[in-house]
Amino acid sequence: MTKSNKALHGAIALAGISALALTACTGPSGGGGTATEGAGGGAITYGTTDKVVTLDPAGSYDGGSFMVMNQIYPFLLNYAPGTADATPDIAESASFTSPTEYTVKLKPDLKFANGHTLDSSDVVFSFNRVKKIDDPNGPASLLANMEKIEATDPSTVVFTLKAGNDQVFPGVLASNPGPIVDEEVFPADKILDDDAIVAAKPFAGQYTIDSYKKNELVSFKPNADYQGLLGKAANDGATLKHYADPNNLKLDVQQGNIDVAGRILTATDVADLESDSNVKVHKGPGGELRYMVFNFDTMPFGAKTPDADPAKALAVRQAIAHLVDRDVIASQVFKNTYTPVYSYVPKEFEGATEPLKSLYGDGSGKPSLDKAKKVLTDAGVTSVVDLKLQYTDRYGTSAADEYALVKEQLEKSGLFTVDLKSTEWTTYTKERRADAYPVYQLGWFPDYSDADNYLTPFFIPGNFLGNHYENPAVTEVVNKQLVTTDKAERSELLGQAQEAIAKDLSTLPLLQGAQVMVAGTDVQGVEKTLDPSFKTRLGVMSK
Amino acid sequence: MTVNIDPLDAGHSGDGELDGGRPVLDIDHLQVTFATDGGPVHAVKDVSLEVRKGEVLAIVGESGSGKTVTAKTILGLLPETASSSGAVVINGADVISVSAARLRQIRGRDVAMVFQEPSTALNPVFTVGWQIAEGIRAHAGRESGKRVSAKEAKSRAIEALRKVGIPDPEHRVNYYPQQFSGGQKQRVVIAAALALNPGLIVADEPTTALDVTVQAEILELLRDLRDKYGTSIVLITHNMGVVADLADRVVVMYQGDVVEEAPARTLFAEPRQDYTRKLLAAVPHLGHNSASEGLTSRAHQDEDVLVEANNLTIEYPGRLGTPAFKAVDRVSFTLSRGEVFGLVGESGSGKTTIGRAIAGLNRTTGGSLKVLGYEMLNLRERTFKPLRKDIGFVFQDPAASFNPQLTIGECIAEPMVIHTRPSPAQVRKRVGELLESVQLPASYAARYPHELSGGQRQRASLARALSLNPRLLIADEPTSALDVSVQAKVLELFKDIQQEFEFACLFISHDLAVVDILSSWVGVLYKGRLVEQGIGSHIMGNPQHDYTKRLIASLPVPDPEEQARRREQHRALLGI
Amino acid sequence: MTTLIDAPPSDADGLLPATKKSSGGGLGQYILIRFLLIFPTIFILVTMVFFLMRITGDPITVAMGGRLPADQLQERIQAAGYDRPILVQYFEYLGQLATGNFGRTLTDNRAVVEMLTTYGSATLELSINALLVALLVGIPLGLVAAHRRDKAADAVLRVFAILCYATPVFFAGMLLKLTFSVWLGWLPVAGRAKTPSELALTSLEAPTGIYWLDALRSGNMAALGDVLAHAVLPAVALGLLTAGIFLRLVRTNVIGTLGRDYVEAGRSRGVSEYRLVTKHAYKPALIPIITVMGLQIAVMLGGAVLTEITFEWKGLGFQLANYLTARDFVAVQGIVVLLAIIVALTNFIVDIIAALIDPRVRY
């Protein structure tokens, strides 16, 4: 630090002299801003490798954009730091007033940073807009269960749902389609340009945007008018700095150029940073899931193979589940930035169980060769199983090591020979759907914080996996939990669903990502935002 | 500083005493040695000579004679690797021993130089006026302590340009060198040399790079300078015609030594030394030794025609935005078996283009050209290729046409290997025969091109061209890079071989005298047009076309008296 | 074969040869044709990029392929129009281009023109800095090598030149970064400025986007120093490549011109050695640098992609790489077209400048 300061001062002095000479020639020029000392005084700088698609909630469905939206837009429901329970944000109350009607009452005297009032009409506008625009990159699909939305008075809106008692709906309101926008600023039928958004200041969240340079630098100022759940920001302002290269992000946080680094991707970097006394590594639960998918048609003994046999196919899946050693992968490949997962729902969610731990391996999470041998022999699989295993570059460079280890673990048993291949992402998605890969890698980031987000998209008919898995019993129980209002009862149903899927093994979850942030030792509050809501809240950080 | 003034030797001087007898230049026992990787090379062994005011002294010799080194020594322009002893005294200063600063003063003011290649002696990125003025100002500032203003320097540059006959010098002083033609460029170089009125000009092959008609003008200009301004000139040349035309006195050099020194007329009339006699004998003399001596009709009229051009036209596409350039314009001729057709023309006349077109190296664009019965218009390489073995080609620069990586034997064998795939033993035998026929020892097959002299390389080149017993040989300026004595031998050889093998030959040259020695039938090209063709001796003796007349009149003959007569006779024709 | 036309003897001293006279008009025509050739060049590039991008995948599959069911994904692709025949999309795109509509980027929803101006200024700044490094390093060292020909200094410099242009840009970048930023800590790791300066500079009225210029205009000396400190390593990493080429070129040219007859001719007129070197040898030797500079622009833009990624320099190259991975056709096409225009135009301009200052081209 001191060294670089010295060098910098030298450079400044040198530059200053030449600059003086130059300005002396050109004379004063307009627009001279006084030096803005942004950092210090309680403002924090947050660096990330995520990107913003757009600040318009109707046009994005990605973490990078949503992170910024979370700072600047209000939500009807949101998560208090440390929890994953959707509770009213700018709403006063929100509840099912009938099985298909979800009524939200707003707090009084809400307004946007530009002075426009925020009332039920803005709320209706915001949700209708997302559905109407239905942008290819947008989150409209999350509102599939919303039949309509109406304002019954300036402070009350009523959502009419297609399926009643949708337990996920509050979570949806806190997710991508949820930000409330200013109907006087946003057009109803098309996406608004970021610069236009920033200029019009339609912000009513914890922060407003002070200056905006897309995907480079965003500067946030606390919004004094915000009356929501998150409360007053703990800092005087925040700056978001975008990085492309995780290595640069890492170096900058180490050198103190930024206060907090979020989304540091490589495990080795994190391990490296853990031994650096200048920074502190904060870890929290992560919603990311790394898993293997079995294509029920083309996997060994699958329905479309010459020697189709559902029992043998199941035995193969089970044998694999008996053999994988998640601990080894997590520690060797990911330096424990990912942790073993023994369920379809990460353990931080209400209703999560760990059926894979008891069903497979030695019962404590370690592999069991004997059980793998037995399950295959019992099913009549006598020869070594040839397995074609595919992975992609999409989920980080560690995937290569991860799957090399899976291959090694399977082959070491003598039960499998594994043909491991990697494919570039665009081709991968196409070929995957075309049943080209019998067993393959995928990853998942949740859309909203609810256990259902790990079940419905995966295991009911018409799911995005398209791996030809269908179990009516599973479908029934998954659909049932979705509309069960009683929490305990719903947890029970979620448990049943996980247990049933674990027996079928449509997919085999391996690891769950931890949320990792690296911060200077003088930064406080980082751990508060590392909760199962998976929302990054700049407002809790300070120094 | 050693000032060595020779006692006057009246018999030594052609024109007697001038300027109180003190020579403008006095070289006394000059020795120049170059340090090379292969040990010291004595380029100039022992040279003494002097030049008087208003005298033109020619130093003649072949390559390696030391004439150019001697010339450079006069201006102290030798490279660092050279060491010299003796004295070179100009206006009382010995350029060998003076300081660098003093030497700079001498250069340009007391002695100036005219170079062989005017297009490289002028810097292309500065105007000629700038370059002339630069020399003027370089001296004015340093010596008189008085600076010459840019304006004054320019007006003096204009004056110098006017002196050398550049029309409209006020305007052209601002031109860049490349805006001038070759002859004009040489005038500019001379103007730069004259800018400070030096008493002595060293002209190193001043006309060698020029066409013969332009050469005549430059020689006239140099003569004028001597006559009008009393400028002394040291003329370095290998061209005996030029010597005969301009020199008052001649120094013949051979391998770093002065072989003979005599007034020009005496030297040409009664050469005393063997070497001088041989040298003079080797010089082609227009009208002597003509191949067509005594012929009255074409020897090979239309029997077994191998090449027939009929309104042959060859255009080069222009660069972007410029019109196509017609290099050959409606040319018609025939060439029969056993005949040598001499094609004469100056640079840009299209002679080389025709030669290359016959060999299939250039595309024709109009008219008809039949080579060995094959129509070359819209030539297809695939169908023409079988004919290639019947066509031999000898290039001007044998150094460039040999692959330096291959031995002479491999080079000679190359066409054979391509066309007939012989066994190694056959190749060896044939290469031996060929080398013998061009009078080279068979052992030369194992040598590399750079190990051979220019003349030897050109013989090897001839051997290669003959390797497949071609029916047609195209020789493009085969001797113009060679010294006269070597040229004479190669021409002799060429003549013998042609008579022995009876191939048809297109002999291309800018040198009328050389063409006349070899060719019975001669064509004269001028700006792409074949302006005249006929029996060699008829054309040389009785040219019809104005251009041919001028061409012949321009060619200096190696005989001062005859040349003086010719010069007077043709003065009107040459426009001088 | 070069066919020189000399003036006919009768008017050797008369007017200029006819062919030379027309070359003035020829130059004008040459310029015009060179200019017109820019358009087909760009057209071909646009076409190539269009088809290459479209056959390798669409942005929606890239973004959503791991999370949406096949039918929903197809719906989105349909909505965006990417399922239509590729030729239809191609002509539609050409139509847009013809009307000057470059569209909006698909993955981050911004007007392409605005995106280009934003990132273009960063790349421009980097290129200017790199060119300065190339000139300030390459030319003086080239002159030194030429004058110390075959001596130790020359040998060292020649090796240096080879290292300069044989070292891949990204490797040079990493090496510089590791040495000066990570190990020694003298210079910043990445980016174009520290956050406070960047904030100050981007909030200016009508910023040029060239940070040092903006810092100078606003008189923000602290920011200027910061910007310059950030500029050093990327400029050196990118500039060294060209510096190596300049070094070799200057060396060869100066050795060539020092040995030319006109230098000796000048010497024979009594011109001083200093003047011979600085005027007669340098000027003709350095003019080709201008032409090579034009060619180097293309090399530099290529290198800029790698340098910008290494140093997190948010310019066109940096963005190009991002958009390529996201299969954002519109953005990639926009950047490539702009780069093509820049390369074509700079070469065009450089040729004209060379023609104007080099009499060898002009006459």
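Since the model is a prediction, treat every value here as computed from it, not as a measurement.

## Regarding the overall build of chain A
- Assigned secondary structure in chain A consists of 17 helices and 19 strands.
- Counting only C-alpha atoms and orienting by the principal axes, one finds that chain A spans roughly 90 × 65 × 35 Å.
- Per-residue burial over chain A gives 58% buried out of 543 residues.
- Sequence separation of at least 24 residues holds for 69% of the intrachain contacts in chain A that already meet a minimum separation of 6.

## Regarding the nonpolar core
- The biggest cluster of nonpolar side chains holds 94 residues, and the ones touching the most others in it are Leu25, Leu49, Ile74, Ile132, Ile190 and Val234 of chain B.
- The leading source of residues in this core is helix 7 (residues 182-194) of chain B, at 7 residues.
- Lining this core are residues from two domains, each supplying at least three of them: domain 1 (1-110 + 199-286 + 555-576) and domain 2 (122-197) of chain B.
- Contacts of Ile74 of chain B, omitting those with residues within four sequence positions, involve Leu25, Ile27, Val88, Ile90, Val95, Val111, Leu200, Val202 and Val234 of chain B.
- Ranked by size, the runner-up nonpolar core spans 75 residues in total, among them Leu376, Tyr428, Phe464 and Val477 of chain A.

## Comments concerning the sheet that holds strand 12 (residues 325-336) of chain B
Residues and elements named next belong to chain B.
- Pairing is antiparallel across the open sheet formed by 4 strands, whose spatial order is 12-11-14-15. Of all strands in the sheet, those with a lone pairing partner are strand 12 and strand 15 (374-375), marking the two edges.
- Pairing geometry for strand 11 (residues 305-316) and strand 12, over 8 bridges, is antiparallel. Directly across from Glu308, in strand 12, lies its bridge partner Thr334.
- Together, strand 11, strand 12 and strand 14 (366-371) form the strand contacts of helix 12 (residues 351-358), whose direction differs from that of strand 12 by roughly 60°.

## Notes on the side chain of Asn176 of chain A
Residue and element names in this part refer to chain A.
- Relative to the elements of secondary structure, Asn176 occurs in the loop between helix 4 (169-173) and helix 5 (194-200).
- Relative accessible area serves as the criterion here: at 6%, Asn176 is assigned to the buried category.
- If sequence neighbours within four positions are ignored, Asn176 has contacts with Pro57, Ser60, Tyr61, Asp62, Phe66, Pro139, Leu142 and Asp447.

## As for the pattern of salt bridges
- Following the criterion strictly, the structure yields 54 salt bridges over all chains and no others.
- The partner of Asp194 of chain A in a salt bridge is Lys214 of chain A, with the nearest N and O atoms 2.9 Å apart. Separated by 20 residues along the polypeptide, Asp194 of chain A in helix 5 and Lys214 of chain A in the loop between strand 8 (207-213) and strand 9 (217-222) bring together distant segments of the chain.
- When its relative accessible area of 3% is taken as the criterion, Asp194 of chain A is described as buried.
- Across the salt bridge formed by Glu170 of chain B and Arg162 of chain B, the nearest N and O atoms sit 2.9 Å from each other.

## Observations regarding the packing of helix 14 (residues 316-325) of chain C against helix 15 (residues 329-357) of chain C
Residues and elements named next belong to chain C.
- At a minimum axis separation of 9 Å, helix 14 and helix 15 run at an interaxial angle of 145°. In terms of crossing hand, the pair formed by helix 14 and helix 15 is left-handed. Across the interface between the two elements, Leu316, Gln319, Leu320, Tyr323 and Leu324 of helix 14 pack against Ala331, Val332, Ile335, Val336, Leu338 and Leu339 of helix 15.

## What to know about the interface of chain C and chain A
- Between chain C and chain A, the residue contacts involve 66 residues of the former and 70 residues of the latter.
- Taking both partners together, chain C and chain A bury about 5300 Å²; carbon and sulfur atoms supply 53% of that area.
- The interface formed by chain C and chain A contains 0 salt bridges.
- If you look at where chain C meets chain A, you find 9 residue pairs in polar contact (both at pLDDT 80 or more).
- By residue number, the principal contributor to the side of chain C that touches chain A is helix 11 (residues 221-258) of chain C, which donates 7 residues.
- Residues of the side of chain C that touches chain A, tallied by class, amount to 32 nonpolar, 18 polar and 16 charged.

## Digging into the arrangement of the chains
- The assembly contains 2 pairs of chains in contact; the pair sharing the most contacts is chains A and C.
- The two partners chain A and chain B share no contact, and the minimum distance between any of their C-alpha atoms is 32 Å.

## Overview of unusual backbone geometry
Residues and elements named next belong to chain A.
- For Asn336, which is not glycine, the phi dihedral falls at a positive 65°.
- In this fold, Asn336 is placed in the loop between helix 9 (326-333) and strand 14 (338-340).
- Of note in the backbone geometry, Leu505 takes a positive phi value of approximately 55° without being a glycine.
- With respect to the helices and strands, Leu505 occurs in the loop between helix 16 (487-504) and strand 18 (507-513).
- By relative accessible area, Leu505 is classed as buried at 0%.

## Notes on the confidence of the model for chain B
All names here are of chain B.
- On average, residues of chain B score 84 in pLDDT, and 93% of them reach the 70 mark or higher.
- Looking at the elements of chain B, mean pLDDT is at its lowest for helix 14 (residues 398-401), recorded as 71, and at its highest for strand 3 (residues 56-60), recorded as 93.
- Scored below 50 in pLDDT, residues 1-19 makes 31 contacts in the model with residues more than four places away or belonging to other chains.
- The complex model carries a pTM of 0.71, and its ipTM stands at 0.76.

## So, the packing of aromatic side chains
- Applying the stated criterion across every chain yields a total of 40 aromatic pairs over all chains.
- Linked through ring pairs, Tyr291, Phe296, Tyr344, Trp444, Phe458, Phe459, Phe464 and Tyr469 of chain A together constitute an aromatic cluster.
- Sitting over the ring of Tyr211 of chain C, Arg192 of chain C keeps its end group 3.7 Å from the ring centre.
- Directly above the ring of Tyr243 of chain A sits Lys314 of chain C, whose terminal nitrogen or CZ lies 5.8 Å from the centroid.

## Side note on a nonpolar patch on the surface
Residues and elements named next belong to chain C.
- Taken together, the side chains of Leu32, Phe35, Leu36, Phe39, Leu345, Ile349, Ile353, Leu356 and Ile357 define a hydrophobic patch exposed on the protein surface, amounting to about 790 Å² of accessible area.
- Mapped onto the nonpolar patch, the elements with two or more residues apiece are helix 2 (23-55) and helix 15.
- In terms of residue count, helix 15 provides more of the nonpolar patch than any other element does, 5 residues in total.
- Along the polypeptide, Leu356 turns up in helix 15.
- Looking at Leu356, the relative accessible area reads 53%, which means it is exposed.

Basis of the calculations
Residues numbered from 1 in each chain as written. Chains lettered and ligands numbered in written order. Predicted model: local features only at pLDDT ≥ 70, side-chain atom pairs only at ≥ 80, totals over all residues. Heavy atoms only, no water. Helix = DSSP H or I, 4+ residues; strand = E, 2+ residues; numbered from the N terminus. Buried < 20%, exposed > 50% of the residue type's maximum accessible area, 1.4 Å probe, protein only. Contact = heavy atoms within 4.5 Å. Core = buried A, V, L, I, M, F, W, Y, C linked by side-chain atoms within 4.5 Å. Domains from an automatic or database assignment. Pairing = 2+ DSSP bridges. Axes fitted to C-alpha atoms, helices over the stretch in contact; angles between N-to-C directions. Salt bridge = Lys/Arg side-chain N within 4 Å of Asp/Glu carboxyl O. Left-handed = near helix turned anticlockwise from the far one by under 90°. Buried area = accessible area lost by both parts, 1.4 Å probe. Polar contact = N/O pair within 3.5 Å; in protein donor to acceptor, adjacent residues only side chain to side chain. Nonpolar A, V, L, I, M, F, W, Y, C, P; charged D, E, K, R; others polar. pLDDT = per-residue confidence, 0-100. Phe/Tyr/Trp six-rings, centres within 6.5 Å; stacked < 30°, edge-to-face > 60°. Lys NZ or Arg CZ within 6 Å of the ring centre and 35° of its normal. Patch = residues over 30% accessible without salt bridge, like charges linked within 9 Å, V, L, I, M, F, W, Y side chains within 5 Å. Areas by Shrake-Rupley, 256 points an atom, 1.4 Å probe, with all protein chains shown as cover.

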